[in-house]
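Examination of the molecular architecture
Single-letter residue listing:
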Amino acid sequence: MLDRPPFPRPPERVLFMATCLCDAFFDEAAKASVEVLEGLGIEVVIPQAQTCCGQPAFNGGDWKSSRAVVRHTLEVFAGDDPIIVPSGSCGAMMFHGAPLEFEKEKDLDLVKQTGARTWEIFDFLYRGLGIREWTGSWKGKIAVHSSCHTRGTGTPEAIRSLLGTIEGLELVDFAEPEQCCGFGGTFSVAFPNISRNMGTLKIGNVLETQPDLLVSGDMSCLMHLKGLAEKSGRSLPAKHAIELLRDTMNESSLSYVLANH
Amino acid sequence: MSSQIIDQFAADLDGEVRTSVRSGSAAGTDKRHKVLFEDFPEADRMRELAGKVKQHTLDHLDKYLEQAEAALKANGAKVHFAWDAKAACDEVEAILRQSNAKTVTKSKSMVSEEVGLNDSLAERGFDVVETDLGEFILQLDGDHPSHVVKPIIHKNRSEIARTFEKHGLGEYNDEPETITRRARQFMRKKYLQAEATITGANFVSAESGRMCVVTNEGNSRFGLAGSRVHIALVGIEKIVPRDIDLSLLLNLLGRSATGQALTVYTEFIAGPKAEGAVSGPEEFHVVFVNNRRTEVLASNCREILRCIRCGACMNVCPVYRQASGHAYRSVYPGPLGAVLSPLLAGAEGFPELADLPKASSLCGACNEVCPVDIPIPDLLLKLRDRGKQEHNAQAAADTPPMGAWAWVAQSPALWRASLKSANMLNLLPYEKIPFGPLGRWTRDRTLPAWRGGKFRSWAKNRKKAAK
């Protein structure tokens, strides 16, 4: 976990890393992130040259390819502004994975500096900006899946705390929360049988609590779980947790948030 | 369809075995969590401290090994060093022959499994009996442990009852009490008959030369009580600097392994029988086993040698729970084994096990529970990189090659064009593609609609509208 101080006052400008998954499939999560940040009065810059954080190759063991992609990302996100990413997984790649694969490289310092500027969006809102309440309302039961890459980071606490303050929203706990959903990037296609069984167990545990919606700080887990559920004829409504903040955001709630942090 | 060995192993696994492994390991995880955090609300800080103590020891292993040797000798122990597996077996054989020992009782020890001690001694004509109940059952079956703490986690009691019946230990009866009583009757004779006993060691204090052995059945204690000669086989990484370090490590070991505050028996063995003592071995031999540990120490995965063999990582690992310990094709299973086994196999053995580091979703649960805070996922990743660099076919199986992807990902224009053109995927009946990553994905899952470029044009249009 990156141990860093909160911002003394909200930054005027942030760079937004959309992630390749949101770029390809989940534009709604990326849009919601931008809208929440802008709602808080922050200018959001979306570098058009961005591609991917480099994680697929990093996890696949092809560190050479991964470093090439990371170097491109470093260039695209150069500067001093905080980098906000709607994914614990891509965030962890930036502040943990990349420094690991650059251990013996000359640009290690730049990698570390860029990682230190990178925030998973909920961690940014909660720990970075110090927002403790979100005054919107939403009626229903929510299950929160803590993605594995947010283990030991501020994200799980941030998601649960912020969603927990939404009026009418009830958080439900499911069994074996520490167990991985089975996605794991290339793991899901290289170990299809184990991946499916892991996901099926997770879906069972989640559905047991009969939530209206499953949310997470990572679309990748949800893509895998939703895909598995649908294929087996079950329904698993799921979306990025930031969409819930966006959906419950209104002028009065925003002015409250802005006045109180 | 799958060609990764562990995935296939899991797919073929007998349903009964799968259930035993999953429920056994899940129960272990639950107990650990409950007991550890009830007793120590800041357990995570203890884990970090313990990791530092072990890492410090490894960083100065030469010094502590010398200290331990001197302290052990001062206590009256004879100290031997074994460079590899064969040397370890040879040392043990030489000690046994010297003391005319034929029958040997043995406590469960992973390092003895690692060097293949049982087979080696059996070939050389010794009668060696495993005295840990689980390990004894495996010995009867000609099987191997599938967990470092619960060696027969993959067996249920009806299988055990069948084993006992088959080996003449009474008619079929699957009551745990009966099974235990029968094993005890059998072993009692061996304890009285044995001239020598072999144990492992959980820790050796360099300060005092005190060796610590933990068991839940007291079998190591029984072995020591009846034998003239005690041989301890100890991996060189088992050393800790001081006696006081044991307070930290023992508190973590029992809780992490079985959810016990302390194992039922925790023995401290300083040397051979003291003058005037009623029982205990007259000779105490410690065989320090290297077997490529110094090689691991010199590698970029040296942290794995902090391991105190508690098994918490395998208990919590979703892959282990699905696949069982035997899927790892080596002495050490689970996340620990996925790192340690390919390393202990050396350069020539690495290719054979290079797929093990891939058998993880890198979920990090193993790191979270590790009592000595080993960054297992990082080590798995480093070994994946090594596999790729060495062009290992085993490691690469079913992982899509990344070269072309990386090339596109460095060219923003190409990247955006690919994202947009992939929208055509939505028109394809790709769920029917039987091959490749897409095929393997859609066999069990639907793929969401491809929406490449939608976010970017939304962002662009807003900008225009704002102007």
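What counts, and at which threshold
Residues numbered from 1 in each chain as written. Chains lettered and ligands numbered in written order. Predicted model: local features only at pLDDT ≥ 70, side-chain atom pairs only at ≥ 80, totals over all residues. Heavy atoms only, no water. Domains from an automatic or database assignment. Contact = heavy atoms within 4.5 Å. Buried area = accessible area lost by both parts, 1.4 Å probe. Axes fitted to C-alpha atoms, helices over the stretch in contact; angles between N-to-C directions. Helix = DSSP H or I, 4+ residues; strand = E, 2+ residues; numbered from the N terminus. Parallel < 35°, antiparallel > 145°, perpendicular 65-115°, else oblique. Core = buried A, V, L, I, M, F, W, Y, C linked by side-chain atoms within 4.5 Å. Buried < 20%, exposed > 50% of the residue type's maximum accessible area, 1.4 Å probe, protein only. Salt bridge = Lys/Arg side-chain N within 4 Å of Asp/Glu carboxyl O. Phe/Tyr/Trp six-rings, centres within 6.5 Å; stacked < 30°, edge-to-face > 60°. Lys NZ or Arg CZ within 6 Å of the ring centre and 35° of its normal.

In the annotation of an unreviewed UniProt entry, the entry for chain B reads Iron-sulfur cluster-binding protein, and the organism field reads Puniceicoccus vermicola.

Under an unreviewed UniProt entry, the name given to chain A is (Fe-S)-binding protein, and the organism recorded is Puniceicoccus vermicola.

1. Some points on the domain arrangement of chain A
All names here are of chain A. What the domain assignment reports for chain A is domain 1 (13-127) and domain 2 (137-248). One C-alpha centre belongs to domain 1, the other to domain 2; they are set 22 Å apart. In this complex, domain 1 contributes 25 residues to the contact, which on the side of domain 2 involves 21 residues. When domain 1 packs against domain 2, close to 2,000 Å² is buried across both sides, 72% of that on carbon and sulfur atoms.

2. Side note on the packing of helix α16 (residues 334-344) of chain B against helix α17 (residues 346-353) of chain B
All names here are of chain B. One can describe the packing of α16 onto α17 by two numbers: an axis separation of 6 Å at closest approach and a directional angle of 135 degrees. Overall, the two elements α16 and α17 adopt an arrangement that is oblique. Where α16 approaches α17, its residues Ser341, Pro342, Leu343 and Leu344 are matched on the opposing element by Gly346, Phe350 and Leu353.

3. Some details on the nonpolar core
By size, the foremost hydrophobic cluster in this structure holds 95 residues, and its most contacted members are Ile194(A), Ile6(B), Phe203(B), Ile304(B), Val319(B), Tyr328(B) and Leu336(B). Considering each element in turn, this core owes the most residues, 7 residues, to helix α12 (residues 245-258) of chain B. Apart from residues lying up to four places away in sequence, Ile194(A) is in contact with Phe187(A), Ile6(B), Asp7(B), Ala10(B), Val319(B), Gln322(B) and Ala323(B). Of all hydrophobic cores here, the second largest spans 79 residues; its members include Ala18(A), Ala57(A), Leu163(A) and Trp441(B).

4. Let's talk about the pattern of salt bridges
Here the structure, examined in full by the defined rule, presents 43 salt bridges over all chains. Here Arg451(B) and Asp27(A) are joined by a salt bridge, their closest N and O atoms 2.7 Å apart. Of this pair, Arg451(B) sits in the loop between α23 (436-444) and α24 (454-466) while Asp27(A) sits in helix α2 (residues 27-39), on two different chains. Relative accessible area serves as the criterion here: at 33%, Arg451(B) is assigned to the partly exposed category. Given a relative accessible area of 3%, Asp27(A) falls into the buried group. One connected set of salt bridges, linked through shared partners, spans Glu28(A), Lys31(A), Glu35(A), Lys239(A), Arg246(A) and Asp247(A).

5. Some thoughts on the packing of aromatic side chains
Each aromatic ring pair is specified by the distance between its two centres and by the angle formed by the two planes. Enumeration over the complete set of coordinates arrives at 15 aromatic pairs over all chains. Taking 5.5 Å as the distance between ring centres and 75 degrees as the angle between the ring planes, the aromatic pair formed by Phe7(A) and Phe124(A) counts as edge-to-face. You can see Phe7(A) sitting in the segment before β1 (13-16) and its partner Phe124(A) sitting in helix α7 (residues 121-128), a full 117 residues away along the chain. Take Phe7(A): its relative accessible area is 24%, and that puts it in the partly exposed class. Relative accessible area serves as the criterion here: at 0%, Phe124(A) is assigned to the buried category. Grouped by ring-pair contacts, the aromatic residues Phe7(A), Trp119(A) and Phe124(A) constitute a single cluster. One cation-aromatic arrangement involves Arg132(A) over Tyr126(A); the distance from NZ or CZ to the ring centre is 3.9 Å. Residue placement shows Arg445(B) over the ring face of Trp441(B); its charged tip is 4.4 Å from the ring centre.

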